[in-house]
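Single-letter residue listing:
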Amino acid sequence: LQADHLTEGGDRQRQNLEDGSKVLLNTNSAFSSKVDATQRRARLYQGEAYFEVRASPSQPLEVEAGPVKANARDSDFAVRYLDGEAQVKVQRGNLDLLASHQASVRLSAGDSIRIGPAGFGQRERIDPSADLAWVQGRLIFENCPLSQVLAELRRYYPGWIVSNNEKL
């Protein structure tokens, strides 16, 4: 009820914020924003969003997703928030993150981190062509269990996707 923008299964939606920043919402996402002369804030209630944030001399864009707040000044990054866990992937620039436990981390281009109820996980490196492929309308799966592939596909398609073979 709090979201300004919603996407359904299989849909993606582009938003242009008043400060010139852009947001791409992925499938099954809920998002709201408040960007004006006095504040630059956005909130991802669920799903996934890709942000292209342009520099602002006055203040960063603050993006909240569950247990994390990201402060972006001039960067491109993705935030995924599903099942109480957030994941942030930075493609360009730097990003300052604050977890709900008041711990903070600074990510640079190519960095990724998960944030859950216990705080920050391990920093990892990403392959933007694969890890951010959804931004280009593609999904890439490599060396992962079929159960993970099916879980991701379920976000995009209505109905049931079932595998009866547990060995897969």
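Above this note sits the structure.
None of these values were measured; they are calculated from a predicted model.

What counts, and where the lines are drawn
- Residues numbered from 1 in each chain as written.
- Predicted model: local features only at pLDDT ≥ 70, side-chain atom pairs only at ≥ 80, totals over all residues.
- Heavy atoms only, no water.
- Helix = DSSP H or I, 4+ residues; strand = E, 2+ residues; numbered from the N terminus.
- Rg over C-alpha atoms; globule rule 2.2 N^0.38 Å.
- Buried < 20%, exposed > 50% of the residue type's maximum accessible area, 1.4 Å probe, protein only.
- Contact = heavy atoms within 4.5 Å.
- Areas by Shrake-Rupley, 256 points an atom, 1.4 Å probe, with all protein chains shown as cover.
- Lys, Arg positive; Asp, Glu negative; His and termini not counted.
- Charge placed at Lys NZ, Arg CZ, Asp CG, Glu CD.

Trainee: Quick question: what am I supposed to make of the overall build of the chain here?
Mentor: For the chain, the helix and strand inventory stands at two helices and 14 strands. For 168 residues, the compact-globule estimate of 2.2 N^0.38 gives 15 Å, and the chain sits close to it at 16 Å. Each principal axis of the C-alpha distribution contributes one length, and for the chain these read about 55 × 30 × 30 Å. In the chain, which comprises 168 residues, the share counted as buried stands at 39%. Sequence separation of at least 24 residues holds for 35% of the intrachain contacts in the chain that already meet a minimum separation of 6. If you sum the accessible surface of the chain, you get close to 9700 Å²; carbon and sulfur atoms cover 45% of it. Looking at charge distribution, the chain has the averaged site of its 21 positive side-chain charges lying 2 Å from that of its 22 negative ones.

Trainee: Would you take a moment to explain helix α2 (residues 146–156) for this structure?
Mentor: An α-helical segment advances 3.6 residues per turn. Residues three or four places apart therefore align on the same side. When α2 is considered as a whole, its buried residues turn out to be Val149, Leu150, Glu152, Arg155 and Tyr156. Against β5 (40–53) and β8 (75–82) lie the buried residues of α2.

Coordinates in, geometry out; function isn't part of it.
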